[in-house]
Amino acid sequence: MDYGKLVYKALEARKNAYAPYSGLHVGAALLCSDGAIYTGVNVENVSYGATNCAERTAIFKAVSEGKRNFSAIAVTSDLDRLIYPCGICRQVLAEFNIPIVIVADNKGNYKVHRTDELIPHAFTEF
Ligand SMILES: [Zn+2]
């Protein structure tokens, strides 16, 4: 799939972000191996620790619908620079073997990374 299309889906999803505290709207789009796409946004909470990032929202939606095989995830925000997944999201990317992360700015410019570049030596089974 054209990564530009996945970035566009993330940009569109961003509009649904619930971000009354940070004011930063983040969108993600997860491409499943079967071609399905699940989007996600950041969902903030007055108790900040209860906030869920856009990437995890997309992943949890897909997993809860039975998806287990993924090709790539795109993430973008209101920022005019690339935005990268936080540490918790990187661990979740590793858990579900999502191999490619596309980070984008608010214009759709993007850069492609392998997940193992973003989280080398991820925590795995013990
Ligand atoms: Zn995160």
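As a convention, each chain's residues are numbered from 1 in the sequence order in which they are written. The predicted nature of this model means local features are confined to residues of pLDDT at least 70 and side-chain atom pairs, given and counted, to a pLDDT of 80 or more, with totals for whole chains, interfaces and linings taken over all residues. With hydrogens and water set aside, each side-chain value is computed from the structure's full complement of heavy atoms.

Asks: Just checking my understanding: could you explain the sheet that holds strand 1 (residues 26-32) for this structure?
Replies: The strands making up a sheet are joined through hydrogen bonds of the backbone, oriented either antiparallel or parallel. Pairing within the open sheet is mixed, and its 5 strands lie in the order 2-1-3-4-5. Here the strands that pair on one side only, and so sit at the sheet edges, are strand 2 (37-41) and strand 5 (110-114). Direction aside, the axes of adjacent strands within the sheet are offset by 20° on average. Should DSSP find at least two bridges between two strands, the strands are regarded as paired. Strands here are runs of E lasting at least two residues and helices are runs of H or I lasting at least four, both read from the DSSP assignment and numbered beginning at the N terminus. Structural elements are reduced to axes, namely lines fitted to C-alpha atoms, with helices fitted over the stretch in contact, and the angle between N-to-C directions of any two is expressed from 0 to 180 degrees.

Asks: So what exactly am I meant to see when it comes to the nonpolar core here?
Replies: One recurring pattern in soluble globular proteins is that nonpolar side chains are buried together. What makes a nonpolar core is a set of buried Ala, Val, Leu, Ile, Met, Phe, Trp, Tyr and Cys residues whose side-chain atoms join them at distances within 4.5 Å. The buried label goes to any residue with under 20% of its type's maximum accessible area, the exposed label to any with over 50%, and the partly exposed label to all in between, with areas taken from a 1.4 Å probe on protein chains only. Within the largest apolar cluster, 21 residues are counted, with the highest numbers of intra-cluster contacts made by L30, I59, F70, I73, F96 and I98. Elements supplying a minimum of two residues to this core: strand 1, helix 2 (54-64), strand 3 (70-77), helix 3 (87-95) and strand 4 (100-104). Ranked by residue count, the leading element in this core is helix 2, at 5 residues. A contact between two residues is defined here by any heavy atoms of the two lying within 4.5 Å. Leaving out residues up to four positions away in the same chain, F70 has contacts with L30, L31, C32, S33, A62, V63, F96, N97, I98 and P99. Counting residues in hydrophobic clusters, the runner-up holds 11 residues, among them V7, A29, I102 and A104.

Asks: What is the right way to look at the coordination of the zinc ion in this model?
Replies: Around a metal, the idealised angle for a tetrahedral arrangement of four donor atoms is 109.5 degrees; for an octahedral arrangement of six donor atoms it is 90 or 180 degrees. The donor set covers N, O and S atoms within 2.8 Å of the metal, switching to 3.2 Å for Na, K and Ca, and it leaves out water, so a site may look short of donors. Protein coordination at the zinc ion: the donors are C53 (SG), C86 (SG) and C89 (SG), at 2.3 to 2.4 Å from the metal. Mapped onto the polypeptide sequence, the residues donating to the zinc ion form the spacing pattern C-x32-C-x2-C. A residue is classified by how much of its surface remains accessible, and C86, at 31% relative accessible area, is partly exposed.

Asks: What exactly am I supposed to notice about the side chain of N52 here?
Replies: Topologically, N52 is positioned in the loop between strand 2 and helix 2. Under this definition, polar contacts are N or O atom pairs within 3.5 Å; protein pairs additionally need one hydrogen-donor-capable and one acceptor-capable atom, and for neighbouring residues in sequence, both atoms have to be side-chain atoms. Separated by 3.2 Å, the side chains of N52 and R56 make a polar contact. Here the side chain of N52 touches T57 through a polar contact of 2.9 Å, side chain to side chain. In contact with N52, not counting residues within four places along its chain, are V41, N42, V43, T57 and F60.

Asks: Can you help me understand the packing of aromatic side chains in this one?
Replies: Aromatic ring pairs are described here by two measures, namely the spacing of the ring centres and the angle between the planes. In this scheme Phe, Tyr and Trp rings, the latter by its six-membered ring, pair at centre separations within 6.5 Å, and the angle between planes marks the pair as stacked below 30 degrees, edge-to-face above 60, and tilted otherwise. In this structure the tally under the stated criterion is 2 aromatic pairs. Aromatic side chains Y21 and Y48 sit 5.9 Å apart centroid to centroid with 45° between the ring planes, which places their arrangement in the tilted category. With Y21 in the loop between helix 1 (3-13) and strand 1 and Y48 in the loop between strand 2 and helix 2, this pair connects stretches of sequence that are 27 residues apart. Taking 6.4 Å as the distance between ring centres and 90° as the angle between the ring planes, the aromatic pair formed by F70 and F96 counts as edge-to-face. Within this pair, whereas F70 is found in strand 3, its partner F96 is found in the loop between helix 3 and strand 4, the two being separated by 26 residues in sequence. Here the two residues F70 and F96 agree in accessibility, since each one is buried.

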